[in-house]
Amino acid sequence: MAIYLDYAASVPINAEVLATFTEALTVSGNASSTHSFGQTSRMMLEESREQIALAVGCDRSEVIFTSGGTESDNLAIKGLFWQRRGEDSARNVIVSAYTEHHGVIDPIEWLETHEGAEVIWLPVLENGQVDLKALENVLLDRANEVALVSLMWANNETGVITDIQAVTALAAKHKIPVHSDAVAAFGHMSTNFADSGLAAMSITAHKVAGPVGVGALILSRASKVTSLIHGGGQERSVRSGTMNAAGAKAFAHAAELAVKNLDQHIRHTDSLLAKLRESIETSIAGARFSRADAPGLSMNAHYTFEGLKSDGLLFLLDQAGFAVSAGSACQAGVARASHVLLAMGRSEDEANACLRITFGLETTAADIDAFVQALVPAVESARQAN
Ligand SMILES: Cc1ncc(COP(=O)(O)O)c(C=O)c1O
């Protein structure tokens, strides 16, 4: 049987969450209808909102349900940008970094092309951390022109963790809102919204063993966004469309379990990571752990292997029964160098030679042993084929 080591792409749905989801799907009624069916659906939605708020550390009025991380990122970035520039036309600058997920990079580049936004991509250090000194300088120089800062909490490719409180502390001096894509972080490290100082935070269910197609933008009560989807005025009029009450219920259950099991998850994946690193680094020459000394997610091991191409290695590992990836699943199938590694100053060859191994509570030490046993000859063959 194949072994799944691609948790950063999507965590397999939890059996209890699946049961909750399938039962919730049998509830009929539009949550906006006033009859009893609608009210049952509405109650389910509002209880789920409360449950997510508890898991995230925010007020329930701050939870805006969306279709997932990409939509939440778009809503936060375009919504905050248009809102702030609408209030003050001088605020035309977006500050971010090129290590972000395409769910953030692409809306920013779209605003640059179609809306005349000016974008400042912050420098990234060799270990994948964003240069916060550079952020401080940009904010000092351009404070009155910055509409927003968007920096992810944890990187989905390398697992590098950003010190979000340090970011929000810098931005707070100039009253600039910060959005964080916490899709890779939520449920895999501690991410309390109330303590973060963030204006907005994106999360999605399928990274915490919930279903695909439901997520949320956590938007602080003090922050306003221009809505992107107009219609029936649902979700504080920020995100119109009939609410996905069953998806919300499943997401809420998954989020609650993720937070409840967080300590155990971190302890378990920490020990798997140590084992994996020790085995890879003692048995494969030319293996480089991508984030080096930067703080990172314990469920993520990202490597480059000198002298090979990721797609060849992935093919061999798949044949051997291991599901891993080169980086962002959203780009899988398109053989492109990792934009994250390129932003970290690595060469095109290195950015084409990466492998991401991500795991969770269900992964065993035996899975890791079996994986490394398959990896050693696969790296050898991929190097010969190159
Ligand atoms: C960091 C990050 N942001 C955003 C997304 C997109 O989330 P979704 O798949 O829910 O649209 C992903 C998914 O891989 C991600 O890893």
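Residues numbered from 1 in each chain as written. Predicted model: local features only at pLDDT ≥ 70, side-chain atom pairs only at ≥ 80, totals over all residues. Heavy atoms only, no water.

Let us look at the domain arrangement of the protein chain. Assigned domains within the protein chain: domain 1 (3–11 + 262–385) and domain 2 (15–260). The partner domain 2 presents 33 residues to the 30 residues of domain 1 that form the contact. With both sides pooled, the region where domain 1 packs onto domain 2 buries about 2,500 Å², and carbon together with sulfur makes up 55% of that total. Linking domain 1 with domain 2 are one salt bridge, by the criterion used here. Of the charged contacts, one joins R288 and E126 as a salt bridge, the two residues approaching to 3.0 Å between their closest N and O atoms. Where domain 1 packs against domain 2, one counts 17 residue pairs in polar contact (both at pLDDT 80 or more). Mapped onto the side of domain 1 that touches domain 2, the elements with two or more residues apiece are α9 (262–283), β10 (300–305) and α11 (339–343). (Domains from an automatic or database assignment. Contact = heavy atoms within 4.5 Å. Buried area = accessible area lost by both parts, 1.4 Å probe. Salt bridge = Lys/Arg side-chain N within 4 Å of Asp/Glu carboxyl O. Polar contact = N/O pair within 3.5 Å; in protein donor to acceptor, adjacent residues only side chain to side chain. Helix = DSSP H or I, 4+ residues; strand = E, 2+ residues; numbered from the N terminus.)

Over its 19 residues, helix α3 (residues 69–87) runs 27 Å from end to end, which matches the ideal 27 Å to within 8%, given 1.5 Å per residue. A large share of α3 lies buried, amounting to 14 of its 19 residues. (Expected span 1.5 Å × (residues − 1). Buried < 20%, exposed > 50% of the residue type's maximum accessible area, 1.4 Å probe, protein only.)

A word on the sheet that holds strand β12 (residues 354–358). With respect to topology, three strands assemble into an open sheet ordered β9-β10-β12, the strand pairing being antiparallel. Single-partner strands in this sheet number two, and they are β9 (287–289) and β12. Along the sheet, successive strands turn relative to each other by an average axial angle of 30 degrees, direction set aside. The sheet contact formed by β9 and β10 spans three bridges and is antiparallel. Among the inter-strand pairings, R288 is bridged to a residue of β10, identified as T304. (Pairing = 2+ DSSP bridges. Axes fitted to C-alpha atoms, helices over the stretch in contact; angles between N-to-C directions.)

A few words now on the site of the ligand. Near the ligand, the surroundings consist of G68, G69, T70, D73, H101, M152, N156, D181, V183, T204, H206 and K207. For the ligand, an oxygen atom lies 2.7 Å from a polar atom in the side chain of T70. Here a nitrogen atom of the ligand sits 2.6 Å away from a polar atom, N or O, in the side chain of D181. Against a free-state accessible area of 400 Å², the protein chains account for coverage of 89% of the ligand. (Near = heavy atom within 4 Å. Areas by Shrake-Rupley, 256 points an atom, 1.4 Å probe, with all protein chains shown as cover.)

Right, let's talk about the sheet that holds strand β5 (residues 146–150) for a bit. Here we have seven strands laid out as an open sheet, ordered β2-β8-β7-β6-β5-β3-β4, and mixed in their pairing. Only two strands of the sheet have a single neighbouring strand rather than two, namely β2 (63–66) and β4 (118–122). The average undirected angle you get between the axes of adjacent strands in this sheet is 20 degrees. Of the strand pairs in this sheet, strand β3 (residues 93–97) and β4 are connected by five bridges, and their pairing is parallel. Looking at β4, one finds that S96 is bridged to W121.

Time to look at the nonpolar core. One finds V149, I203 and F251 to be the most contacted residues of the largest nonpolar core, which totals 72 residues. The greatest single-element share of this core, amounting to ten residues, is contributed by helix α8 (residues 245–260). Each of domain 1 (3–11 + 262–385) and domain 2 (15–260) accounts for three or more of the residues forming this core. The residues touching I203, leaving out its near neighbours within four places in the chain, are I52, V56, G68, G69, S72, A182, V183, F186, G215, A216, I218 and F251. Membership of the second largest hydrophobic core comes to 28 residues, among which are L276, I280, F371 and V372. (Core = buried A, V, L, I, M, F, W, Y, C linked by side-chain atoms within 4.5 Å.)

As a further point, take helix α4 (residues 102–115). Taking 1.5 Å per residue as the helical rise, α4 with its 14 residues ought to reach 20 Å, and the 18 Å between its terminal C-alpha atoms agrees with that figure. Buried positions along α4 lie against α3, β3, β4, β5, β6 (178–181) and α11. With its phi angle positive at about 70 degrees, G116 sits one or two positions after the end of α4.

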